[in-house]
Amino acid sequence: MEILLAQPRGFCAGVERAIDSVERALARFGAPLHVFHEIVHNRQVVEDLRRRGVVFVDDVAQVPRGEVLVFSAHGVADAVLEAAQARGLRVIDATCPLVSKVHQQVRQYSADGRRVILIGQVGHDEVEGTRGVAAAEPLAVVGSAADIAALDWPGDTRAAYVTQTTLSIDDTAGLIDVLRQRWPDLQGPNTSDICYASQNRQFAVRALARQVDAVLVVGARHSANAARLREVAEQAGVRAWLIEEANELDPAWLAGVRQVGITAAASTPPALVDALCDRLVALGASAPRALPGEVERVRFRLPAGLDTPALPEQPCAPPRLHPGPPAVMSALGAHQSSSNSQAGAPIAAQATSCTLEAGDTSAWNRRSKVAAK
C-alpha cells in the first residue's frame with residue numbers, strides 16, 4: 001500500500017501564532033496561565049498545554065483579578081474584553097488576524113448603516129465571538145438556504161455579509177448567491193479575504209482524492225475545518241474517515257486499498273500525522289510520498305508584549321499586533337518557520353506559495369520533538 005500526503009496539510013499561520021503565544025506567555029509568566037476557551041480545536045494540543053499549567057476557562061470570572069488571560073485563536077465578543085478589563089486582567093490577544101479582520105468588517109458595515117449577515121456554524125467559538133462584535137443591530141447567522149429564507153428582512157434592506165474564516169470559497173459561494181437574490185444591494189468582502197488555509201486544504205484534499213482509494217483526515221471531531229475536509233473527500237468519490245490520532249485507525253478500513261491519502265486540519269500538529277504514517281508503515285505500507293502542492297509562507301506577528309521584557313504599562317488596553325521572532329514552537333513538536341514580515345504592516349506576510357516536488361517526504365522524515373522550554 002502506498003501513502004500519499006496532501007500538500008498543504010496541518011497547522012496554519014493563525015494556529016501557529018496562537019499556540020506560540022500561549023507557550024511564550026507560559027514561559028514568561030509561569031503557571032497557572034489562563035486561556036479563554038480552547039486555544040485551538042485540538043485535544044492533544046489542549047491536553048499538552050494543560051499538563052504544563054495552562055487553565056482553560058469559559059468565563060472571565062474564573063480568572064483571579066490581575067492575572068494574565070490569553071484569548072484563543074477564534075476571537076471573543078466585545079463583552080468578554082470589557083469583562084477582562086473590569087477585572088484588571090492583563091490581556092494577550094491571540095485571535096487569528098483573519099478573524100480580527102472579519103470583526104473589523106462587521107464594524108464597518110454596521111457603521112455604514114447595513115444589517116450584517118454572518119455565514120457560519122451557530123455555536124462555533126469563532127461565530128459566537130463575531131456575533132458579539134459591536135453592531136447597530138444583532139448579526140443574523142445563517143448556515144443554509146433555509147436559514148436565509150427564514151429572515152424576514154424587506155427586499156430593500158441594505159445588507160452585508162461576512163463569513164466564518166474556517167469556511168472556504170466553495171463552502172460559501174452558493175449561500176452568497178442566495179443572499180444576492182434576496183438583497184441585490186448586498187455588500188461583502190473580497191474572496192481574497194476568506195481564509196487561505198481552509199481553501200488550500202480543501203483544494204489539496206480534492207486533488208488527493210483523485211489519486212487514492214481512501215482518505216484519512218487527522219483532526220479533532222469538533223473541528224469545523226476537519227469535518228469539512230472529510231466531507232470534501234467523500235464528495236470527490238472516495239471513502240474517508242476523520243480520526244484524532246493513529247490508534248483510532250481500523251485496519252479493516254484499508255482492505256483492498258492500494259493508495260491511501262492523508263491530510264490534516266489546520267489545527268492538527270505535524271506529530272500526529274507522523275504517528276499515523278508510522279502506524280501505516282508498521283502495517284506494511286511503503287514510506288509516504290507528498291503530492292505537489294502549495295507551500296504556505298504566511299506568518300503572523302505575535303501579540304504585543306510577547307517579545308519584550310514585560311507587558312505594556314497599560315495591560316488592560318486591547319493589544320496590537322507587532323513584529324515577532326521567526327521561530328514558531330508548536331505545543332506538540334518543534335515547528336520552525338521563517339518570517340517574511342515588513343515593519344509597520346499589521347500582518348507579517350502576504351500569502352505566497354511555491355510547488356513542492358512530487359516524492360518529497362521531508363515532512364515525515366524530519367521528526368518533530370517535543371519543545372523544551
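Residues numbered from 1 in each chain as written. Predicted model: local features only at pLDDT ≥ 70, side-chain atom pairs only at ≥ 80, totals over all residues. Heavy atoms only, no water.

Our next topic: the sheet that holds strand E6 (residues 115-119). Spatially, three strands are ordered E7-E6-E8 in an open sheet, and the strand pairing comes out parallel. A single partner strand is all that each edge strand has here, and the edge strands are strand E7 (140-142) and strand E8 (159-163). For this sheet, the mean inter-axis angle between neighbouring strands, taken without regard to orientation, is 30°. When E6 meets E8, the two strands line up parallel, connected through five bridges. Of the residues in E8, the one forming a bridge with Leu118 is Val162. Of the strands in this sheet, E6 and E8 are in contact with helix H4 (residues 97-111), which crosses E8 at around 175°. The strands that helix H7 (residues 169-182) touches are E6 and E8; relative to E6, the one it contacts most, it runs at about 155°. (Pairing = 2+ DSSP bridges. Helix = DSSP H or I, 4+ residues; strand = E, 2+ residues; numbered from the N terminus. Axes fitted to C-alpha atoms, helices over the stretch in contact; angles between N-to-C directions. Contact = heavy atoms within 4.5 Å.)

Formed by 33 residues in total, the largest nonpolar core has its most connected members in Val22, Ile39, Val40 and Val70. Mapped onto this core, the elements with two or more residues apiece are helix H1 (13-29), strand E2 (33-36), helix H2 (43-51), strand E3 (54-57), strand E4 (68-71), H4 and helix H8 (196-209). The biggest single contributor to this core is H1, with seven residues. Residues within four places of Val22 in sequence aside, it is in contact with Leu33, Val35, Ile39, Leu49, Val54 and Val70. (Core = buried A, V, L, I, M, F, W, Y, C linked by side-chain atoms within 4.5 Å. Buried < 20%, exposed > 50% of the residue type's maximum accessible area, 1.4 Å probe, protein only.)

On inspection of all chains with the given rule, the structure shows three aromatic pairs. Considering the side-chain rings of Phe36 and Phe71, the 6.4 Å spacing of their centres and the 75° angle between planes classify their relative orientation as edge-to-face. Of the two residues, Phe36 is situated in strand E2 and Phe71 in strand E4; the sequence distance between them amounts to 35 residues. A relative accessible area of 6% places Phe36 in the buried class. (Phe/Tyr/Trp six-rings, centres within 6.5 Å; stacked < 30°, edge-to-face > 60°.)

On to unusual backbone geometry. Comment: phi is negative for the bulk of residues other than glycine, and the bulk of peptide bonds are trans. In the segment running from Gln7 into Pro8, the intervening peptide bond is cis, with an omega of 5°. Tracing the chain through its elements places Pro8 in the loop between strand E1 (2-5) and H1. A cis geometry characterises the amide bond from Ala31 onward to Pro32, with omega recorded as -5°. One can find Pro32 in the loop between H1 and E2. The phi torsion at His37 lies on the positive side, around 65°, for a residue other than glycine. Within the secondary structure, His37 sits in the loop between E2 and H2. A residue is classified by how much of its surface remains accessible, and His37, at 18% relative accessible area, is buried.

So, on to the UniProt feature "binding site: dimethylallyl diphosphate" (unreviewed entry) in the protein chain. On the UniProt side, "binding site: dimethylallyl diphosphate" (unreviewed entry) is annotated at positions that read His41, His74, His124, Ser223, Asn225 and Ser267 here. With respect to the element layout, His41 can be found in the loop between E2 and H2. Overall, His41 belongs to the buried group, its relative accessible area being 8%. Excluding anything up to four places from it in sequence, His41 contacts His74, His124, Asp125, Ala220, His222, Ser223 and Ser267. There is a polar contact of 3.2 Å between the side chain of His41 and the side chain of Asp125. If you trace the backbone, Ser223 turns up in the loop between strand E9 (214-218) and helix H9 (224-235). (UniProt positions renumbered as here; feature names shortened; annotations may be inferred. Polar contact = N/O pair within 3.5 Å; in protein donor to acceptor, adjacent residues only side chain to side chain.)

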